[in-house]
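One letter stands for each residue in the lines below.
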Amino acid sequence: MSLFLRQISRELRLAFRQRADLMLVVLFFALVAALFPFAIGPHSNLLIRIAPGVLWVAAMLSVLLSIERLFLADYEDGTLDLLVIGPLPLELLILAKTLVNWVTTALPLIIATPVVSVIYGLSGEAVGWLMLAMLLGTPSLSLTGAIGAALTLGTRRGGILIPLLVLPLYVPTLIFGALGAESALAGLSATPYFLLLGAITLVMLFVAPLAAAAALRQAVE
Amino acid sequence: MPLLQGHALACSRGGREVFHDLTFSLEVGETLLITGANGSGKSTLLRLIAGLVRASEGTLSYQGNSVSDDRAAFQADLCYIGHADALKNVLSVEENLAFWDRSHSSFAEQGDSIATALEQLDLLAFRDVSTRLLSAGQRHRLALARLLVSSASVWLLDEPSVALDSTSQEKLFDILKGHGNKGGITLLTTHSEIDLPRCKRLTLDEFAVHHHPELIW
């Protein structure tokens, strides 16, 4: 356990030292979300209707933007070799790195959501439901992304390959995430969608470290 | 009984066999100098022993037990310094080293061992300096400092004397001698002549696989 915490504190420190990169991801999220109202025009009903889906898509693209670096820096400077033969099991190492990735990219996005959703004229209640949906769903984005990041290590076009691999896998989260926020807003029960979002995250919490570990072992060989 | 022993090891990279039927054994306190032409598999052999690359044939045994039976126990007792220095530019010299020091529980003890390691490699003055500002030779020395905080018995060094000036090389050889005197073993690849006591040699060219032209066609 102490090795796990030690890894987390190292990853947090590295992320904090490069916090300008983290700000870029939040700015990217805000910018993508701000583009849609320009394209569609000031139809407030339409904007409110598309807001949950658009914000989810923007969040997914932002998470993808950061996920490429998840293992790449360690792979390039040789740290990954040492971590693979180190005492912390590879699956836990991946979990530690993914957790820090979520805290440093997805969590700021969720916090920025109330500000960004002003453009869409969303009510406070709607923003609350959307943030809850993102809180439940975004961990699965980081976890699924970790598999893609591990699989594409050592390929020349990793940055483009990861979205191609991972975006299709994001579809269920996108559907349930957007529907959950929408139906809560329409006064229907959002519980089934939120349960499904949580279920996807739990499944990925188990599957992603195993899959990414296998891919990492292949990558260092 | 040999401490570390490789028997009939073979390794393939990208479908091509790099070496085969490679056998070596090291007693307590001995050093193995691995030499050979470029591409003869020196780095591959070190990575194979570290467990990063799988052997296609043969067995590796440590303290009489097959390494593949309990790889984690063997890996806990080895320190590998490869070509890449595994240093983070955004961390200070001390922070970079501290992460790899797993031998000490208390912070005070850890601080001591890190200071000693940095001092031995003439890096103590740079303790709080950002690693980004170090020269190539200083970076390499910092990577080597991991050996001193690892408390591992088996050291695997990939061309450790590259990028070091003659003073630093002498320092490195002193450290290697000290490790041998304490009963540790070192396996290192090199192109230059290194004079160390209780030193064995392994020339990889002897284990190269000769590809016959007619077999390729």
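Here is what the cut-offs are and how they apply
Residues numbered from 1 in each chain as written. Chains lettered and ligands numbered in written order. Predicted model: local features only at pLDDT ≥ 70, side-chain atom pairs only at ≥ 80, totals over all residues. Helix = DSSP H or I, 4+ residues; strand = E, 2+ residues; numbered from the N terminus. Rg over C-alpha atoms; globule rule 2.2 N^0.38 Å. Buried ≥ 20, exposed ≤ 12 C-beta atoms within 10 Å, placed from the backbone. Contact = placed C-beta atoms within 7 Å. Nonpolar A, V, L, I, M, F, W, Y, C, P; charged D, E, K, R; others polar. Pairing = 2+ DSSP bridges. Axes fitted to C-alpha atoms, helices over the stretch in contact; angles between N-to-C directions. Core = buried A, V, L, I, M, F, W, Y, C linked by C-beta atoms within 7 Å. Parallel < 35°, antiparallel > 145°, perpendicular 65-115°, else oblique. Left-handed = near helix turned anticlockwise from the far one by under 90°. pLDDT = per-residue confidence, 0-100.

## Regarding the overall build of chain A
Then step 1. Helix and strand counts for chain A stand at nine helices and zero strands.
Then step 2. Each helix and strand of chain A, ordered N terminal to C terminal, gives the series α-α-α-α-α-α-α-α-α.
Then step 3. The C-alpha radius of gyration computed for chain A amounts to 18 Å, which stays within 12% of the reference 17 Å derived for 221 residues, consistent with globular compactness.
Then step 4. For chain A, with 221 residues in total, the buried portion stands at 44%.
Then step 5. The long-range fraction of contacts in chain A, counting pairs at least 24 apart against all pairs at least 6 apart in sequence, stands at 82%.

## Regarding the overall build of chain B
Then step 1. Counting its regular elements, chain B contains seven helices and nine strands.
Then step 2. Its C-alpha radius of gyration of 18 Å places chain B within 12% of the 17 Å reference for a compact globule of 217 residues.
Then step 3. Expressed as lengths along the three principal axes of its C-alpha atoms, the size of chain B is roughly 60 × 35 × 30 Å.
Then step 4. The burial tally for chain B puts 38% of its 217 residues in the buried class.
Then step 5. The long-range share in chain B, meaning contacts at least 24 apart out of those at least 6 apart in sequence, stands at 72%.

## Focus: the environment of B:Ala73
Then step 1. Residue position: B:Ala73 is located in helix α2 (residues 71–76).
Then step 2. A tally of 12 C-beta atoms within 10 Å means that B:Ala73 is categorised as exposed.

## Quick notes on the interface of chain A and chain B
Then step 1. At the interface, 14 residues of chain A touch 17 residues of chain B.
Then step 2. Breaking the side of chain A that touches chain B down by element, the ones donating at least two residues are α1 (2–17) and α5 (79–84) of chain A.
Then step 3. Among the elements that line the side of chain A that touches chain B, the one with the most residues is α5(A), at four residues.
Then step 4. Of the residues in the side of chain A that touches chain B, the class split is six nonpolar, three polar and five charged.

## So, the sheet that holds strand β8 (residues 185–189) of chain B
All names here are of chain B.
Then step 1. Strand order in the open sheet formed by five strands is β6-β7-β8-β3-β9, and the pairing between neighbours is parallel. In this open sheet, the two edge strands, each paired with only one partner strand, are β6 (78–81) and β9 (199–203). Across the sheet, the mean angle separating the axes of adjacent strands is 15° when strand polarity is ignored.
Then step 2. The sheet contact formed by strand β3 (residues 31–35) and β9 spans five bridges and is parallel. Residue pairing across strands places Thr31 opposite Cys199, the latter belonging to β9.
Then step 3. Across the sheet, helix α6 (residues 166–181) touches β3, β7 (154–158) and β8, and the angle it forms with β8 is around 145°.

## A closer look at the nonpolar core
Then step 1. If you look at the biggest cluster of nonpolar residues, it comprises 124 residues, and the most contacted ones within it are A:Ala146, B:Ala145 and B:Leu156.
Then step 2. Broken down by element, this core gets its largest block of residues, 13 residues, from helix α7 (residues 124–151) of chain A.

## Describing the packing of helix α3 (residues 44–67) of chain A against helix α6 (residues 90–116) of chain A
Residue and element names in this part refer to chain A.
Then step 1. Packing of α3 against α6 brings their axes to within 10 Å, and their N-to-C directions diverge by 150°. Taken together, α3 and α6 sit at an angle that is classed as roughly antiparallel. When the axes of α3 and α6 are compared, the crossing they make is right-handed. When α3 is examined against α6, the residues Leu55, Ala59, Ser62, Val63, Ser66 and Ile67 are found in contact with a partner set consisting of Asn101, Thr105, Ala106, Leu109, Thr113 and Val116.

## As for the confidence of the model for chain A
Then step 1. The predicted model of chain A has a mean per-residue pLDDT of 92, with 100% of residues at 70 or higher.
Then step 2. Here helix α8 (residues 158–185) of chain A stands out as the element of chain A with the lowest mean pLDDT, 90, in contrast to α6(A), whose mean of 96 is the highest.

## Some details on unusual backbone geometry
All names here are of chain B.
Then step 1. Backbone geometry places Ala8, a non-glycine residue, at a positive phi of 50°.
Then step 2. Topologically, Ala8 is positioned in strand β1 (residues 4–13).
Then step 3. With phi around 70°, Ala163 is a residue other than glycine that occupies positive phi space.
Then step 4. Assignment of secondary structure puts Ala163 in the loop between β7 and α6.

## Description of the sheet that holds strand β4 (residues 57–62) of chain B
All names here are of chain B.
Then step 1. Strand order across the open sheet formed by four strands is β2-β1-β4-β5, with antiparallel pairing between neighbours. Bordering the open sheet on either side are β2 (16–26) and β5 (65–66), each of which pairs with just one other strand.
Then step 2. Pairing analysis gives five bridges linking β1 to β4, with the strands arranged antiparallel. Paired with Gln5 across the two strands is Ser61, which belongs to β4.
Then step 3. Lying over the sheet, helix α1 (residues 42–50) contacts β1, β2 and β4, oriented at roughly 115° with respect to β1.

## Observations regarding the pairing of β3(B)
Then step 1. Direction of pairing for β3(B) relative to β8(B): parallel, over a ladder of four bridges. Bridge pairing in β8(B) links B:Leu33 to B:Leu188.

## What about the confidence of the model for chain B?
Then step 1. Across chain B, the average pLDDT comes to 88, with 92% of residues at 70 or higher.
Then step 2. The ipTM value of the predicted complex is 0.90, and its pTM value is 0.91.

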